[in-house]
Amino acid sequence: MKKDGCYDPPAKGMIGPRVGHLSKMTKNAFNKALAEQGLFSGQQYILFIVNHHEGISMCELSKELGVAPATVSVSVKRMEKSGFIIRKTDEEDARLTRLYPTEKARQAPENIRKKMALIDETLKKGMTQEEIELLSDLLDRAAENMKAEDNTYD
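What comes next concerns the included structure.

Each value, and the rule that gives it
- Here the residue numbers are simple positions, counted from 1 along each chain's written sequence.
- Reporting in this predicted model follows two pLDDT cut-offs: at least 70 for local features of residues, and 80 or more for side-chain atom pairs to be given and counted; totals over whole chains, interfaces and linings ignore these cut-offs and use all residues.
- Heavy atoms from the whole structure form the basis of all side-chain values; hydrogens and water molecules are not counted.
- When DSSP finds two or more bridges between a pair of strands, those strands are recorded as paired.
- Helix and strand definitions here come from DSSP, where helices need a minimum of 4 consecutive H or I residues and strands a minimum of 2 consecutive E residues; each element is numbered from the N-terminal end.
- Lines are fitted to the C-alpha atoms to define the axes, a helix being fitted only along its stretch in contact, and any angle between axes, read from their N-to-C directions, falls within 0 to 180 degrees.
- By definition in this entry, angles of less than 35 degrees are roughly parallel, angles greater than 145 are roughly antiparallel, angles of 65 to 115 are roughly perpendicular, and the rest are oblique.
- Note on convention: near helix rotated counterclockwise from far helix by under a right angle means a left-handed crossing. Clockwise means right-handed.
- In what follows, residue pairs with any heavy atoms lying within 4.5 Å of each other are defined as contacts.
- The nonpolar class holds Ala, Val, Leu, Ile, Met, Phe, Trp, Tyr, Cys and Pro. Asp, Glu, Lys and Arg form the charged class, and all remaining residues, Gly among them, are polar.

## Thoughts on the pairing of strand E3 (residues 97–101)
Sheet topology note: the strand E1 (residues 56–57)/E3 ladder contains 2 bridges and is antiparallel. Looking at E3, one finds that Ser57 is bridged to Arg98. In this structure, strand E2 (residues 85–89) lies alongside E3, joined through 5 bridges in antiparallel fashion. Among the inter-strand pairings, Ile86 is bridged to a residue of E3, identified as Tyr100.

Structural data, given as structure tokens:
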């Protein structure tokens, strides 16, 4: 391990471990961008869904996310406390709770997209357009190789 707490990348020629190393670095940068917005990892999906489906019920949201309602409830409580979501009781069925985005929630996706664009620019720094396209093609080929080998990877 280096002084800055980062591990050295795997040896050249080790494609999987090097992709994993870069993936971890990119994910850390993305999680930092989320944290700057006041979100935890995974909450961006709730944010995007509630922004797109204003008034979605907790049950509908959990189905959309493919997770247990209790899991959604914990995240929604945090997001409500942080000022991203407003809960309202359904006017026709008081048993249902509907979720609505706040202005803060409406602005967050654009802020996240801007941060992601900066991360992408950092990844491409010093590369020519030809190199960027070649890398993209090579990554596509590697992904296709994994899919052809075993469909459990996608």
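What follows continues from the structure just given.
## Digging into the packing of helix H1 (residues 15–36) against helix H5 (residues 103–124)
At a closest axis distance of 10 Å, the pairing of H1 and H5 adopts a crossing angle of 150 degrees. The angle between H1 and H5 falls in the class roughly antiparallel. When you trace H1 past H5, the crossing you get is right-handed. Contacts between H1 and H5 involve Leu22, Thr26, Ala29, Phe30, Ala33, Leu34 and Glu36 from the first element and Ile112, Lys115, Met116, Ile119 and Leu123 from the second. Its residues assigned to classes, the contact of H1 with H5 shows 9 nonpolar, 1 polar and 2 charged.

Everything listed is a geometric property; what it means functionally is a separate question.
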